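Listed below, chain by chain, are the residues.
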Amino acid sequence: MNTMAQTYRYIGKATPRRDGVRVVTGGALFVDDLDFDNLLYGKVLRSPHPHAIIKKIDSGRAQRLDGIKAVLTWKNIPDWKFGNPRIFRLLDRKVRYTGDAVALVAGESAEIADEASRLIEVDYEVLPAVFDDYEALRPGAPRLYDELPGNVLPPGDPFLGPTPLTQIVAGDVEKGLLEADFIVEGKCGYDNIPNPMPIESPRAVALWEEAGAGRDRVTVWVSNQAPYLMKLILSSIFGGRVEVRVIGGPCGGSFGSKIMSWRPICFAVALSKTTRRPVKVVYSKEEHLAAFVLRPASRLDIKVGMKRDGTVTAIAGDWLIGTGSHSQTTQAQVAVGCGEAMIAVRCKNWNVKPTIVCTNRAPSGIVRGFGGQELKCALFPILSRCMAELEIDPVDFIKKNFVKPGEGYLWRDGRWYDYRGIDFSQMMDKGAEVFGWKGKWKGWLKPTAVEGSKRTGVGVGVHGNADIGEDVSEAYVRLDGDGRALVYSCLAEHGTGQKNNAVKAAAEVLQIPLESVSITPGDTMITPFEFGPFGSRGTYAILTAVIKAAEEARKKLFELAAPLLGSDVSDLDTADGVIWVKANPEKRIRWQRVLFQRTILGHGRFEPDYSLSNCLMTFVEMEVDADTGKIGLLRVVNATDVGRIIDPQGLRGQLNGCLGTAGIDSAIFEETIVDPSTGRMLNANMIDYKWRTSCDLPPIENVVLETPFPTHRFHAAGVGEITTSAGPSAVLMAASNAVGVWLDSYPVTPDKVLKAVRNQELRIKKNEDISPL
Amino acid sequence: MTEETIESQRAAGYNEKIDLVVNARHYVLNIGYGPGEVDPAHTLSFTLRDTLGLKGVKVSCDRGACGACTVLLDGKAVPSCMLLTIECGGKEITTIEGLRDEKTGSLDPVQQSFIDHGVFQCGFCTPGMIMSAKALLDENPSPTHEEIREALSGNFCRCISHYQAVEAVSALSSRGR
């Protein structure tokens, strides 16, 4: 590794986003903004029933409508299957949720396609449906798939390796419970299905062409953060005879969700395969919210043993994950969630058994937090009961139990990893100090302040993920004769500034002006493999590939320059397009001369490393009005340690993102409301699905420490994903403390607050009645 | 106007037209059902994007809730998905494409301030938010933080860049004082 001074030319400096002018002038072209000749518009006919067999489907009238070029139903659609297990069809004879796809139409305009879809006559045999995750497990419950007895998905994601993590089993739970000073048995759910709701709905354009020599080629223009992964997903669906090219431009937000766009993408592909014209499918906001993937529901029913000093002696019980009609990734989310629980809570004795169940609601997919947020939001309220009984301060508990060097955890591949990251204790102290925790924490179920009916309370949550080094990234860096560098990386800008950071990293290694570095589009025909910015892997994994590619290019450049300068490679240094001999800077040569009629290509590859975790702690102060139930977020302090800040503006954006995208607000007001009799989503629009406006922004302070991560070139690690994850359980804690009653149902809406307050009043009254002093 | 009326008028050689001034350019568009014509059912956002090719006008909820499609209509910020184009005859419309100085190429101060303060992440909501900010500053050159928050409250930003947006607009506000 090249040793580098601790001062950087670009790393850690605010550098304006390269796409800035395009974004602020309307010139950033998202998928729906691209121009195509001969474009057709695809529309989806959706099921009004949550569970039904399509007895008859007649598309004759739709097909005869002027301007209609294709109508596809389960009878004539390619039999492409997806999911884990691979049993989910693009269109099936059976529909499994209200809003499930029934037929596809391609027309010369969106209006014509829409009109045609309404002319398709469908005769349904309506079947009994099941929406509740526990109900779906009962004998005799409506069964969604012949392949899934009991509606239970098989555990384990083969993508994660031969022995994927499917549960947390370690030590001896019985023994652990005997060692406990207090045991609590509790249930808690993070099952309100908050929607990540990126502003831009899922969409894609596809073009299917004959590529000659019996091959077919399909090009798709996607809106998601990982074009190369999308190519792999699509190739696995279409089979090897089809050449798949994926182009990813700007993406109007994803928060994990849009990588599960295989269905809208395949709708466009199937229609293009039929028509041999480019086809665009754009989901309406209603389709986005009601018929696209959602966050899995999480319900925990466990026993926890704890000692007076905060040592957790045992955690055992069941974790039920409701995945809706289907999923590709829920098993992987369970694996990562289990590992993240072990990172956050040191415990020798575990026996947590997950079960993934299908119901007749919209399918599940990836959402920021990826299993860990789902599990931990349910786990921490139960741990809190134990802490309360033993009068343990939750900050002390988190500090004691979050993973430290020398400890370890099981990770998603089922293997044990010894943790070799940094100790986050200092950051936790700093966060608590900035928040003023010591002054505000009055004990469990005790408000920080009471003024009339208004009561304030504080809470804290933590999250860490060993995904910062997950999966593989590759990049090339090309040096050109004009003194410029080109980064080849399959990135699509989805809001984190990742493309900017890739350019910055290359410029830092090569010591050339930022303006001299370009980056390719996220186009799988051009770039090497890139898993994509999932979790928080952007800094540690993605940038490492870019850094290594730049370093290799630099080395090759020196190998060419050394004979010209009559020196050894190790004696050379470079900056601003000039190479010189370190001992004699007068001996120098310009890149242009070295690279006359020549290019250099460096290749960088990042191999997965699961031995490191990031960490984020969120402190919140809530105000609750005991008379009206109104609940408000007064203040947020996030504390984290990122090793080294790469991009201060981007980091601030990620940290402030803790509110929406199904973060803190998923504990206050965000939820998906499903009609329990029809399975129809009642708030599938942006007026009834509540979101925080700029009028209601609490002060956020972000405490960012920079304790070097020794194994990264710039000593940095990302925290992008986890900023939403620590907050929700902190909100429950703060609201409970404010009111003086346990609130453990997400979100803490005014009706729940009022109910809890009244129950408490009744209880007090009753106690007074029966036990007069 | 019904489809039949338009058809009969067409047959009589008469074409109903609509006048719009968009980004200081005068457009005369036919009302009708053909390509490039304004269907009476077309929203202003559709006409701006699909008929005039102004793709900086973003559409997200298409129901007036998210503000992504905000444009200036006679100087006021409006969600263009909630207006029918045929209602906008004779109106002056400014979209994000119309803010930059056409001659010098320089950005509008609001655009520049959004870059300087790093106001966007994914950037999809940005054009709409800039238009709301522009309307505010045109009407009130020195808004308070509260007034800025209020003016931007109709602009959904899921990445949460509102904190930086308030700073960006506020920086211009103090300049105006």
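Residues numbered from 1 in each chain as written. Chains lettered and ligands numbered in written order. Predicted model: local features only at pLDDT ≥ 70, side-chain atom pairs only at ≥ 80, totals over all residues.

A. Focus on the domain arrangement of chain B. All names here are of chain B. Each domain of chain B was delimited in the assignment, giving domain 1 (3-97) and domain 2 (109-176). The distance between the C-alpha centroids of domain 1 and domain 2 comes to 26 Å. Contact residues are listed per partner, giving 14 residues for domain 1 and 13 residues for domain 2. Secondary structure elements with two or more residues in the side of domain 1 that touches domain 2: strand E3 (70-73) and strand E4 (76-79). Looking at side-chain class alone, the side of domain 1 that touches domain 2 contains eight nonpolar, four polar and two charged residues. (Domains from an automatic or database assignment. Contact = placed C-beta atoms within 7 Å. Helix = DSSP H or I, 4+ residues; strand = E, 2+ residues; numbered from the N terminus. Nonpolar A, V, L, I, M, F, W, Y, C, P; charged D, E, K, R; others polar.)

B. Geometry of the sheet that holds strand E14 (residues 279-282) of chain A. Residue and element names in this part refer to chain A. On the basis of which strands lie adjacent, the open sheet formed by eight strands has the order E3-E7-E1-E14-E11-E12-E13-E25 and mixed pairing. One side of each edge strand has no neighbouring strand; the edge strands of this open sheet are strand E3 (68-72) and strand E25 (522-523). Across four bridges, the pairing between E3 and strand E7 (residues 101-107) is antiparallel. If you follow Val71 over to E7, its bridge partner there is Val105. Packing against the sheet, helix H6 (residues 227-238) makes contact with strand E12 (215-222), strand E13 (242-248) and E25, and its axis sits at approximately 155° to E13. Relative to strand E11 (residues 203-212), helix H7 (residues 262-275) is tilted by about 40°, and along the sheet it contacts strand E1 (40-46), E3, E7, E11, E12 and E14. (Pairing = 2+ DSSP bridges. Axes fitted to C-alpha atoms, helices over the stretch in contact; angles between N-to-C directions.)

C. A look at the interface of chain A and chain B. Facing the 39 residues of chain A at the interface are 39 residues of chain B. Secondary structure elements with two or more residues in the side of chain A that touches chain B: helix H1 (20-25) and helix H17 (648-656) of chain A. Ranked by the residues each element gives to the side of chain A that touches chain B, the list is headed by H1(A), at four residues.

D. Here's a closer look at the domain arrangement of chain A. Residue and element names in this part refer to chain A. Here chain A is partitioned into domain 1 (20-29 + 471-606), domain 2 (34-127 + 196-291) and domain 3 (297-468 + 611-762). Here the C-alpha centroids of domain 1 and domain 3 sit 38 Å apart. With 13 residues of domain 1 at the contact, the number on the domain 3 side is 18 residues. Sorting elements by how many residues they give to the side of domain 1 that touches domain 3 places helix H15 (residues 537-565) first, with six residues. By residue class, the composition of the side of domain 1 that touches domain 3 is two nonpolar, nine polar and two charged.

E. Local environment of the packing of helix H9 (residues 330-344) of chain A against helix H10 (residues 372-389) of chain A. Residue and element names in this part refer to chain A. For the pair H9 and H10, interaxial distance at closest approach is 7 Å and the crossing angle is 50°. With respect to H10, the axis of H9 lies oblique. In this structure, H9 meets H10 at a crossing whose hand is right-handed. Contact with H9, carried on its side by Gln333, Val336, Gly337, Glu340, Ala341 and Ala344, involves Gly372, Glu374, Leu375, Lys376 and Leu379 of H10 and no other residues of that element. Class assignment of the residues belonging to the contact of H9 with H10 gives a composition of five nonpolar, three polar and three charged. (Parallel < 35°, antiparallel > 145°, perpendicular 65-115°, else oblique. Left-handed = near helix turned anticlockwise from the far one by under 90°.)

F. The arrangement of the pairing of E7(A) in detail. All names here are of chain A. Of all seven residues in E7, seven are buried; the element is thus mostly enclosed. Two elements, E1 and E7, share six bridges in a ladder whose sense is antiparallel. Each bridged residue has a counterpart across the sheet, and for Val44 the counterpart in E7 is Leu104. (Buried ≥ 20, exposed ≤ 12 C-beta atoms within 10 Å, placed from the backbone.)

G. Geometry of unusual backbone geometry. With an omega of 0°, the peptide bond between Asn84(A) and Pro85(A) qualifies as cis. In this fold, Pro85(A) is placed in the loop between strand E4 (81-82) and strand E5 (88-89). Of the consecutive residues Tyr746(A) and Pro747(A), the connecting peptide bond is found in the cis state with omega at -15°. Examined against the element boundaries, Pro747(A) turns out to sit in the loop between helix H18 (727-739) and helix H19 (750-770). Even without being glycine, Ala213(A) reaches a positive phi, approximately 55°. Looking at the element boundaries, Ala213(A) is found in the loop between E11 and E12. The exposed category is assigned to Ala213(A), around which 5 C-beta atoms lie within 10 Å. Located in the positive-phi region is Asp62(B), a residue other than glycine, with phi close to 60°. Examined against the element boundaries, Asp62(B) turns out to sit in the loop between helix H2 (44-51) and E3.

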